[in-house]
Amino acid sequence: MSNGGRFDFDDGGCYVGDWEEGRAHGYGVCTGPGAQGEYSGRWSRGFESLGVYTWPSGNTYQGHWSQGKRSGVGVERKSKWSYKGEWSHGLKGRSGVWESHSGVIYEGMWREGLQDGYGMETYADGGTYQGQWQSGKRHGYGVRQSVPYRQAALGTARPQDPGAVLSWPSPETRTSRREPRRKRGGFFRRSLLLSGLRVRRAESKASLGSKRGSLKSEAGVSSAGSEATTLSYAETEPPELPSTLTIEGSSTEVYAGEWRADRRSGYGVSRRSNGLRYEGEWLGNRRHGYGRTTYPNGSKEEGKYKLNRLVSGKVKNLIPLRRSKVKEKVDRAVEVARRAVSMARQKQEVAISR
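Predicted model only: the values in this text are computed from it and were never measured. (Residues numbered from 1 in each chain as written. Predicted model: local features only at pLDDT ≥ 70, side-chain atom pairs only at ≥ 80, totals over all residues. Heavy atoms only, no water.)

(A) The arrangement of the nonpolar core in detail. Ranked by internal contacts, the top residues of the largest apolar core, which has 28 residues, are Tyr15, Trp43, Tyr53, Tyr61, Tyr83 and Trp98. Broken down by element, the residue count for this core peaks at three residues, all from strand E8 (residues 81-88). Ranked by size, the runner-up nonpolar core spans five residues in total, among them Tyr290, Val330, Ala333 and Val334. (Core = buried A, V, L, I, M, F, W, Y, C linked by side-chain atoms within 4.5 Å. Buried < 20%, exposed > 50% of the residue type's maximum accessible area, 1.4 Å probe, protein only. Helix = DSSP H or I, 4+ residues; strand = E, 2+ residues; numbered from the N terminus.)

Given below as structure tokens:
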């Protein structure tokens, strides 16, 4: 037997709508303390099913629910970003599109509220990353394409993702998407009460356990800090290059290879449109390990690098036997880096096709 009516909470909130067998069932509206915050939509045996949840701040979620958690397809809108896609157990999951008002867009796979799997990210300046992700960070194999240096420099006041073979960092307005864990204002969880409306009104808060923030801001949309305060990672110092090497404003860069924890680490190749190229090992966005740098004029530098500086490989510092061993290690590193490029291109294609 279905009924309808109004139930007032001691804190000023209320539920108005249908119920069945003592539970919210059908269509109803539930408001939070002092009538701030609201869920409006379908209910199923005491739990939200399909509707719109509005926080006191004005942020909203519109979509499907299961057992009191966002599950299925839904759209969340906040003051600085929005997400449209799939949800699982209250967190962003499987696939979806995240877009900030500053122009950063991520489209791809998610797991437990974070980018995980294959995805594409477009930055505010127009640059892109396409490839693998893990726990909200670029991790695995991928391809990073920059825009012309002049355009990137105008697009952001703080350069990001420095190229280890240029005398300037390639700007990247990649915004982090993880929100800090914190207690949020909101209205009390009503599900326990709404799944048994027979309880006495005076017991409403006790039944609910006074749990604030029914939809906790999951560590969800990403990496560390809010959009307004954090960027993808700290800058690194520029590499040592001849002072006579000028950089054209139209120059662009493509890096293809390995990534670890949001940084170029492992093997990869950086190519600039002006002919500058580095092939070899990387660590934390810097040339680190064995590799080869080719300059626009065709001259080459190779050996062992440490944090962007060549520390082993200069002919005058090496005896013939040692020089031969360094050469072998450089050739091997270059070969592995080129294989990493091939792998990164494959992962890029997968990310684009999904």
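(B) Broad picture of the pattern of salt bridges. Evaluation of the coordinates by the stated rule reveals 17 salt bridges. Ionic pairing is found between Glu302 and Arg292, a salt bridge with its closest N-O pair at 2.8 Å. Of this pair, Glu302 sits in strand E18 (residues 300-306) while Arg292 sits in strand E17 (residues 286-294), and the two are ten residues apart along the sequence. (Salt bridge = Lys/Arg side-chain N within 4 Å of Asp/Glu carboxyl O.)

(C) Just the pairing of strand E11 (residues 114-122), in detail. Where burial is concerned, most of E11 is hidden: eight out of the nine residues are buried. Relative to E11, strand E10 (residues 105-111) runs antiparallel, the two being bridged by six bridges. Within E11, the position partnered with Ile105 by the bridge is Thr122. Alignment of E11 against strand E12 (residues 128-134), held across six bridges, turns out to be antiparallel. Pairing of Thr122 across the sheet is with Thr128, part of E12. Hairpin connection, E11 to E12: the antiparallel pair is bridged by five residues, and Gly126 has positive phi, about 100°. (Pairing = 2+ DSSP bridges.)

(D) Inspection of a positive patch on the surface at higher detail. Residues Lys304, Lys306, Lys325, Lys329 and Arg332 make up a contiguous surface patch of positive charge. Listed by contribution, the elements that provide at least two residues to the positive patch are E18 and helix H4 (320-353). Considering each element in turn, the positive patch owes the most residues, three residues, to H4. Tracing the backbone shows Lys304 in strand E18. (Patch = residues over 30% accessible without salt bridge, like charges linked within 9 Å, V, L, I, M, F, W, Y side chains within 5 Å. Areas by Shrake-Rupley, 256 points an atom, 1.4 Å probe, with all protein chains shown as cover. Lys, Arg positive; Asp, Glu negative; His and termini not counted. Charge placed at Lys NZ, Arg CZ, Asp CG, Glu CD.)

(E) The arrangement of the environment of Arg138 in detail. Within the element layout of this structure, Arg138 appears in strand E13 (residues 137-145). Looking at Arg138, the relative accessible area reads 0%, which means it is buried. Residues Arg138 and Met120, spaced 18 residues apart in sequence, show a C-alpha to C-alpha distance of 10.0 Å. A polar contact is formed between the side chain of Arg138 and the side chain of Tyr123, at a distance of 3.1 Å. (Polar contact = N/O pair within 3.5 Å; in protein donor to acceptor, adjacent residues only side chain to side chain.)

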